[in-house]
Amino acid sequence: MARNRGRHAAQRAATTATGHRRRGGLRSTRYRRGLGGTAIAAVVMAALTASQAPGVELGGDHDDGRSGAASDRTPGDDSYETELPPLESPHPPGASEPGAGGESGIPASVLAAYKKAAKSLASRTPGCGLRWELLAGIGKVESGHARGGAVDKEGTTLRPILGPVLNGQGFANIKDTDGGRWDSDADYDRAVGPMQFIPSTWDRWGADGNGDGRKDPNNIHDAALAAGDYLCAGGRDLSTGADLDRAILSYNNSSDYLRTVLAWYEFYRKGTHAVPDRDLSVLPTAPGLGESGGGPDKGSPERGGKGPGKGGGSDDKPNKPGNPGGGNNGGGNPGGGHENPSPSPEPTKPHAIKRVGAENLTAVAGENFAARPAVKVVTSKGKAVKGVKVRFAISGKTEATFQGGGKSETVSTNADGVATPPALSAGSRTGSFTVNATVPGKDLGKVGFTASVTAPKADTLARTSDVVLEAAKNAKFAHAVEVKATRKGKAVANTTLTATFGQDAKAGPYFGKDEQGDPIRNLTDLKTDANGVVKLPDLFADDQTGTYTLTLTADGGATLEVKLVIKG
């Protein structure tokens, strides 16, 4: 477009008029504060067009031009702050010069996050040359530094900062990609947090800047580090004007946005200072600050969609997500700004991990669990994702292991998006433990399964001898009753049995007599030994001849009937 060409022409004209290209930043001459807001904005735009700060050159002044940079996809939603910094150079509090007000102040927590992110990037990607002042410039226009530092002690915004609904009405049309997880909108995406990422871009670029194990776009530490990664993508060297242009335009593909960010970038480079968090003096006075519910500035169709992966447009046309072509600075997203949009692609990235099957698993000590934990990995639209690595880990005091003896296993999802680990062996220890499923390297949370190991219960009772049990009237049985409890052929130790001739039995064999001299015909709490064997007390016959049945029942339900005969 035309606006880009017009702007470049204006730059060339300004360069010709001055006779040389100034590289010392905005003019140091102070303008009278009596200038109106519109006049000041016009002067600043002219200054930015006609002269560049050290290392801050507009992409149109380079051989590769801006066209490649302007085709990058972007993180936000297009509702950004358009207020420009004061023309006076900033001074710290207490300076006698003009410009000592709140404009150059940055809330302490937010300033610390910018500096921490830049320091981290300096060690991880030293060739990028990212300065924290660039993050500050973007953070200023995106959210007024998280609404003047309205964050908690962990750096998370006290209330959500959401951009406009990206429903195609004045902005890019981006259907929901996170199920409303971050933007509370299950129909369309919205830019989220102090650095204004849309959920689909956060899914790729999200970072953990404060080391709490979470990647939260509402946290200034996480968002600043993610923004730095995004700006450094594709091997950019931000100490050069062309790559700096490309980086900022990849955030929001608008020359107005570029100029505004560069203005604040240069302003902060000349000096800034920390102010207390929640200092409203650092909030912009012009519309455009991202607010919960979309902010007061709904933008215009000409500015397109803003922010990493947000479908940022050129100056002339709103960008449409999913358009092919254009430069790709490592952002992983196709360029935009074309007049013939294609539909948004179906999301294919893992978005959530869900439980499949039962949450509670049970097994008997010494055996394998009949069921196995299983999870499904899906996109934001609920579609299965194949080939995602899922880690299952056993946690708790238990002897349980996966088949092969390990306490953890990593498996990939199948065509149905389901991951199932090898069988679980219960071990010999009873009790409960947990199996947690996570996707390494992705902030999809975890799915927990509760597993319980119970003591084995006999499924079979059998006599250890087949000798006939008989006795004469009023005599003792020659052989005691001895039985063995087993489960799947293995002895079950310390299991409980009962033995009874019937609760109402009044005649027949008995196990001695109680203190009152009455025959005992029912026994409880009989315990098997280490070999699963229990030997009953001696049996006696009364004077009632006949065949009698002794019933033994093990804990778990296994039973055995034993015949005893009293002869005349």
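For the structure, check the block above.
Reading the values: the criteria
Residues numbered from 1 in each chain as written. Predicted model: local features only at pLDDT ≥ 70, side-chain atom pairs only at ≥ 80, totals over all residues. Heavy atoms only, no water. Helix = DSSP H or I, 4+ residues; strand = E, 2+ residues; numbered from the N terminus. Buried < 20%, exposed > 50% of the residue type's maximum accessible area, 1.4 Å probe, protein only. Contact = heavy atoms within 4.5 Å. Areas by Shrake-Rupley, 256 points an atom, 1.4 Å probe, with all protein chains shown as cover. Pairing = 2+ DSSP bridges. Axes fitted to C-alpha atoms, helices over the stretch in contact; angles between N-to-C directions. Parallel < 35°, antiparallel > 145°, perpendicular 65-115°, else oblique. Nonpolar A, V, L, I, M, F, W, Y, C, P; charged D, E, K, R; others polar. Salt bridge = Lys/Arg side-chain N within 4 Å of Asp/Glu carboxyl O. Expected span 1.5 Å × (residues − 1). Bend = angle between axes of the 7 residues up to and from the residue. Phe/Tyr/Trp six-rings, centres within 6.5 Å; stacked < 30°, edge-to-face > 60°. Lys NZ or Arg CZ within 6 Å of the ring centre and 35° of its normal. Arc of directions from axis to C-beta.

When you go through the protein chain residue by residue, the secondary structure sums to 8 helices and 21 strands. Classification of the 568 residues of the protein chain by burial places 50% in the buried group. The long-range fraction of contacts in the protein chain, counting pairs at least 24 apart against all pairs at least 6 apart in sequence, stands at 68%. Carbon and sulfur atoms make up 49% of the accessible area of the protein chain, which totals about 24400 Å².

Across the sheet, 3 strands lie side by side as S3-S5-S9; this open sheet has antiparallel pairing. Of all strands in the sheet, those bounded by a partner on one side alone are strand S3 (352-356) and strand S9 (418-419). Two strands pair when backbone bridges link them, and strand S5 (residues 374-378) and S9 are joined in this way by 2 bridges, in the antiparallel orientation. Paired with Val 375 across the strands is Ala 419, a residue of S9.

Turning our eyes to something else, we now look at the sheet that holds strand S6 (residues 389-395). If you trace the 5 strands from one edge of the open sheet to the other, you get S4-S12-S11-S6-S8, paired in mixed fashion. Since the sheet does not close on itself, it has two edges, and those belong to strand S4 (360-364) and strand S8 (408-412), each with one partner. Pairwise comparison of adjacent strand axes, ignoring direction, gives a mean angle of 20° for this sheet.

Once that is clear, we can look at the packing of helix H6 (residues 220-231) against helix H7 (residues 241-251). The interhelical angle for the contact between H6 and H7, taken along N-to-C directions, is 125°, at an axis separation of 9 Å. Between H6 and H7, the crossing angle belongs to the class labelled oblique. In this structure, H6 uses Ala 227, Tyr 230 and Leu 231 to contact H7, whose residues at the interface are Ala 247, Ile 248, Ser 250 and Tyr 251. Along the lines of polarity and charge, the residues of the contact of H6 with H7 split into 6 nonpolar, 1 polar and no charged.

This structure, assessed with the given rule, holds 11 salt bridges. By sharing partners, the salt bridges in this structure join Glu 367, Arg 487 and Lys 488 into a single network.

For helix H4 (residues 132-149), with 18 residues, the first-to-last C-alpha span of 16 Å runs short of the 26 Å given by 1.5 Å per residue. Its axis deflected by about 95° at Val 141, H4 carries its strongest bend there. Burial analysis of H4 places 18 of its 18 residues in the buried class, the great majority of the element.

Next up on the list: the packing of aromatic side chains. Here the structure, examined in full by the defined rule, presents 10 aromatic pairs. Ring centres of Phe 197 and Trp 202 lie 5.3 Å apart, and the angle between their planes is 70°; this geometry places the pair in the edge-to-face category. Overall, Phe 197 belongs to the buried group, its relative accessible area being 1%. Classification of Trp 202 as buried rests on a relative accessible area of 5%. An aromatic cluster of at least three residues, connected via ring pairs, comprises Phe 197, Trp 202, Trp 205, Tyr 230 and Tyr 251. Across the ring face of Trp 132, the terminal group of Lys 115 is positioned such that the distance to the ring centre comes to 5.2 Å. Just above the ring of Trp 264 sits the side chain of Lys 140; from NZ or CZ to the centre is 4.7 Å.

With that out of the way, let us pick up helix H3 (residues 108-124). With 17 residues, H3 extends 24 Å between its outermost C-alpha atoms, agreeing within 8% with the 24 Å of an ideal straight helix rising 1.5 Å per residue. Val 110, Leu 111, Ala 113, Tyr 114, Ala 117, Ala 118 and Leu 121 are the residues of H3 that are buried. The buried side chains of H3 occupy one side of the element, clustering within an arc of 160° when seen end-on. Along H3, exposed side chains directed more than 90 degrees from the buried face belong to Lys 119 and Ser 123. Packed against the buried residues of H3 are strand S1 (105-107), H4, H6 and strand S2 (273-275).

The side-chain alternation of strand S17 (residues 496-500) yields one buried face, formed by Leu 497 and Ala 499, and one unburied face, formed by Thr 496, Thr 498 and Thr 500. Across 4 bridges, S17 lies against strand S18 (residues 522-527) in antiparallel orientation. Bridge pairing in S18 places Thr 500 opposite Asn 522. Note that S17 and strand S20 (residues 546-554) share 4 bridges and pair antiparallel. By the bridge assignment, Leu 497 is partnered in S20 with Ala 554.

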